[in-house]
Amino acid sequence: GRAQRHAYSFGLLFIDLDNFKLINDNYGHVMGDTYLQRFARQVQGALRDGDILARYGGDEFVVVLPEAGLEAVVMVAERVRRAIEELEVHTPDGTSCLRGTASIGLSVFPEHADNVKDLLLFADTMMYRAKAAGKGVVAVPTQDDVVSVFRDITQKSVMVLDAIEARRVAAFFQPILDVASRQIVAYEVLSRIELNGQIIRADEF
């Protein structure tokens with residue numbers, strides 16, 4: 001609202017830790033929480049005064065960069081990426097040193113979108129493109145991306161609505177094993193869409 005009133009641009013970074021689940025799985029949630037806290041401090045240290053960092057989800061963070069154009073947003077995003085790569089967190093027993101990377105997507109108001117929902121959606125989509133490009137990178141949008149991102153989102157929305165209407169959303173049951181007894185103790189239910197003989201995973205829609 002302030003950016004609209006005063007006619008200035010601002011940036012949004014969508015940061016997702018790559019392979020964070022491995023830290024939780026291998027070293028436990030306490031170590032995972034410690035890593036997240038150190039990660040947040042490391043990111044904060046790479047930001048400018050007045051930039052706003054927030055935890056968005058389990059291992060996702062969002063940064064608001066007030067009064068910044070595309071060039072400044074890309075510069076800060078690269079600084080954040082490098083800071084994350086330099087982060088080292090030692091396990092309590094000192095036997096391991098945890099390092100990680102993050103995939104970063106970005107959007108700029110009003111260049112890429114003019115409302116909160118679409119700015120987040122655009123930055124989130126660019127973050128997934130960063131992951132697809134090999135992780136640990138910043139996905140810098142081109143003008144073509146603005147068209148293609150929202151076109152893809154629209155097409156996927158139509159596909160999901162059609163699948164619901166035609167009852168083509170299928171439940172896949174994935175067994176969860178107790179490794180000690182080798183017995184199935186639960187099932188995770190996963191949504192899939194069946195389309196033209198193909199199975200489309202949830203992360204694709």
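Below is a short write-up of the structure. (Residues numbered from 1 in each chain as written. Predicted model: local features only at pLDDT ≥ 70, side-chain atom pairs only at ≥ 80, totals over all residues. Heavy atoms only, no water.)

1. As for the packing of helix 3 (residues 29–46) against helix 4 (residues 70–86)
The axes of two packed helices give the description: the angle between them and the distance between them.
Working step 1: Their axes nearest at 9 Å, the elements helix 3 and helix 4 cross at an angle of 145 degrees. Every pair of crossing elements has a handedness; the one defined by helix 3 and helix 4 is right-handed. Contacts between helix 3 and helix 4 involve Phe 39, Gln 42, Val 43 and Ala 46 on the former and, on the latter, Val 76, Arg 79, Val 80, Ala 83, Ile 84 and Glu 86.
Working step 2: Here the contact of helix 3 with helix 4 is built from residues that sort into seven nonpolar, one polar and two charged. (Axes fitted to C-alpha atoms, helices over the stretch in contact; angles between N-to-C directions. Helix = DSSP H or I, 4+ residues; strand = E, 2+ residues; numbered from the N terminus. Left-handed = near helix turned anticlockwise from the far one by under 90°. Contact = heavy atoms within 4.5 Å. Nonpolar A, V, L, I, M, F, W, Y, C, P; charged D, E, K, R; others polar.)

2. Notes on the environment of Ser 9
Working step 1: Tracing the backbone through its elements, the reader meets Ser 9 in the loop between helix 1 (2–6) and strand 1 (10–17).
Working step 2: When its relative accessible area of 22% is taken as the criterion, Ser 9 is described as partly exposed.
Working step 3: Sequence separation of Ser 9 and Val 108 is 99 residues, and the distance between their C-alpha atoms is 6.8 Å. (Buried < 20%, exposed > 50% of the residue type's maximum accessible area, 1.4 Å probe, protein only.)

3. With respect to helix 5 (residues 116–132)
Working step 1: For helix 5, which comprises 17 residues, the first-to-last C-alpha distance of 24 Å matches the rise-based estimate of 24 Å (1.5 Å per residue) to within 8%.
Working step 2: Of the residues making up helix 5, those classed as buried are Leu 119, Phe 122, Ala 123, Met 126, Met 127, Ala 130 and Lys 131.
Working step 3: At the C-terminal side of helix 5, Gly 134 shows a positive phi close to 120 degrees. (Expected span 1.5 Å × (residues − 1).)

4. Overview of the pattern of salt bridges
Working step 1: Tallied over the full model, the rule gives seven salt bridges.
Working step 2: Of the charged contacts in the structure, one is a salt bridge between Asp 18 and Lys 131, with a shortest N-O distance of 2.6 Å. Of the two residues, Asp 18 is situated in the loop between strand 1 and helix 2 (20–27) and Lys 131 in helix 5; the sequence distance between them amounts to 113 residues. Lys 131 matches Asp 18 in its accessibility class, with the two residues each being buried.
Working step 3: Among the ionic pairs, Arg 81 bridges to Glu 78, the shortest N-O distance being 2.8 Å. Pair noted here: Arg 81 and Glu 78 are both in helix 4, with a separation of three residues, about one helical turn.
Working step 4: Residue Arg 81 is classed as buried on the basis of its relative accessible area of 17%.
Working step 5: One connected set of salt bridges, linked through shared partners, spans Asp 16, Asp 18 and Lys 131. (Salt bridge = Lys/Arg side-chain N within 4 Å of Asp/Glu carboxyl O.)

5. A word on the packing of aromatic side chains
Working step 1: Tallied over the entire structure, the rule returns five aromatic pairs.
Working step 2: Consider the rings of Phe 39 and Phe 61, whose centres lie 5.1 Å apart with planes at 45 degrees: the pair is tilted. Placement of Phe 39 in helix 3 and of Phe 61 in strand 3 (residues 60–65) is noted, with a sequence separation of 22 residues between them. No difference in accessibility class separates Phe 39 from Phe 61, as the two residues are buried.
Working step 3: Across from the ring centre of Phe 172, 5.9 Å away, lies the NZ or CZ of Arg 192, which sits over that ring. (Phe/Tyr/Trp six-rings, centres within 6.5 Å; stacked < 30°, edge-to-face > 60°. Lys NZ or Arg CZ within 6 Å of the ring centre and 35° of its normal.)

6. Structural notes on helix 4
Working step 1: For helix 4, spanning 17 residues, the distance from its first C-alpha to its last is 24 Å, which sits close to the expected 24 Å at 1.5 Å a residue.
Working step 2: Where the residues of helix 4 are buried, they touch strand 1, helix 3, strand 3, strand 6 (102–109) and strand 7 (138–139).

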